[in-house]
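# Geometric and topological summary
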Amino acid sequence: MKIVYNNIIPFKAFAAINLFGVLFVRNQVVLTKEIINHEQIHTAQIKELLYVFFYLTYFFEWIIKMIKYGSKSYYHISFEREAYINDKNPKYLSSRKKWAFLRYL
């Protein structure tokens, strides 16, 4: 996963964003092992869903979760749930099964 530090992407409210397997990070952010693992989990999800379908699915799931959870919807998206629950496990990606995010729907 390529990491690009800059002051433009993502917006100031966010520390980092994974776009098509490239991690864009705000200059002042210190990347921890957990953040990198979290984003590597997203990269695996992105590849499974052939890039574009990941973002489409993410967007539609976010809309549905917004109705139910409001401003906390981000933490209820299946992709985020998988990544947050497993980002402290450095061995997770080596044992992760395909489509694992479906467990978190």
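Each remark here, short or long, concerns the structure printed above.
As a starting point, this report considers the structure included with it. (Residues numbered from 1 in each chain as written. Predicted model: local features only at pLDDT ≥ 70, side-chain atom pairs only at ≥ 80, totals over all residues. Heavy atoms only, no water.)

### Focus on the overall build of the chain
A tally of helices and strands in the chain yields four helices and three strands. Element order for the chain, N to C, with α for helix and β for strand: β-β-β-α-α-α-α. Its C-alpha radius of gyration of 14 Å places the chain within 12% of the 13 Å reference for a compact globule of 105 residues. Expressed as lengths along the three principal axes of its C-alpha atoms, the size of the chain is roughly 35 × 30 × 25 Å. For the chain, with 105 residues in total, the buried portion stands at 38%. A separation threshold of at least 6 residues defines the contact pool for the chain, and within that pool the share at least 24 residues apart is 40%. Carbon and sulfur atoms form 66% of the exposed surface of the chain, whose accessible area is close to 7,000 Å². (Helix = DSSP H or I, 4+ residues; strand = E, 2+ residues; numbered from the N terminus. Rg over C-alpha atoms; globule rule 2.2 N^0.38 Å. Buried < 20%, exposed > 50% of the residue type's maximum accessible area, 1.4 Å probe, protein only. Contact = heavy atoms within 4.5 Å. Areas by Shrake-Rupley, 256 points an atom, 1.4 Å probe, with all protein chains shown as cover.)

### Some remarks on helix α2 (residues 52–69)
Helix length check: α2, at 18 residues, gives a terminal C-alpha distance of 25 Å against a target of 26 Å (1.5 Å per residue), a fit within 8%. Here the buried face of α2 lies against α1 (33–48) and α3 (78–86). Backbone geometry just downstream of α2 places Gly70 in the positive-phi region, at approximately 65 degrees. (Expected span 1.5 Å × (residues − 1).)

### A closer look at the pattern of salt bridges
Throughout the structure, instances matching the rule amount to four salt bridges. Two residues, Lys88 and Asp87, come together in a salt bridge whose shortest N-O distance is 3.6 Å. Here the salt bridges do not stand alone but share partners, grouping Glu48, Glu82 and Arg96 into one network. (Salt bridge = Lys/Arg side-chain N within 4 Å of Asp/Glu carboxyl O.)

### Structural notes on unusual backbone geometry
Both trends apply: most residues other than glycine have a negative phi, and most peptide bonds are in trans. With an omega of 0 degrees, the peptide bond between Ile9 and Pro10 qualifies as cis. Within the element layout of this structure, Pro10 appears in the loop between β1 (2–6) and β2 (16–19).

### A word on α1
Along its 16 residues, α1 runs 23 Å from first to last C-alpha, staying within 8% of the 22 Å computed at 1.5 Å per residue. Along α1, the residues that are buried comprise Asn37, His38, Glu39, Ile41, His42, Thr43, Ala44, Gln45, Ile46 and Glu48. Where α1 is buried, its residues meet β2, β3 (22–26), α2, α3 and α4 (92–95). Directly beyond the C-terminal end of α1, a positive phi value near 55 degrees is found at Leu50.

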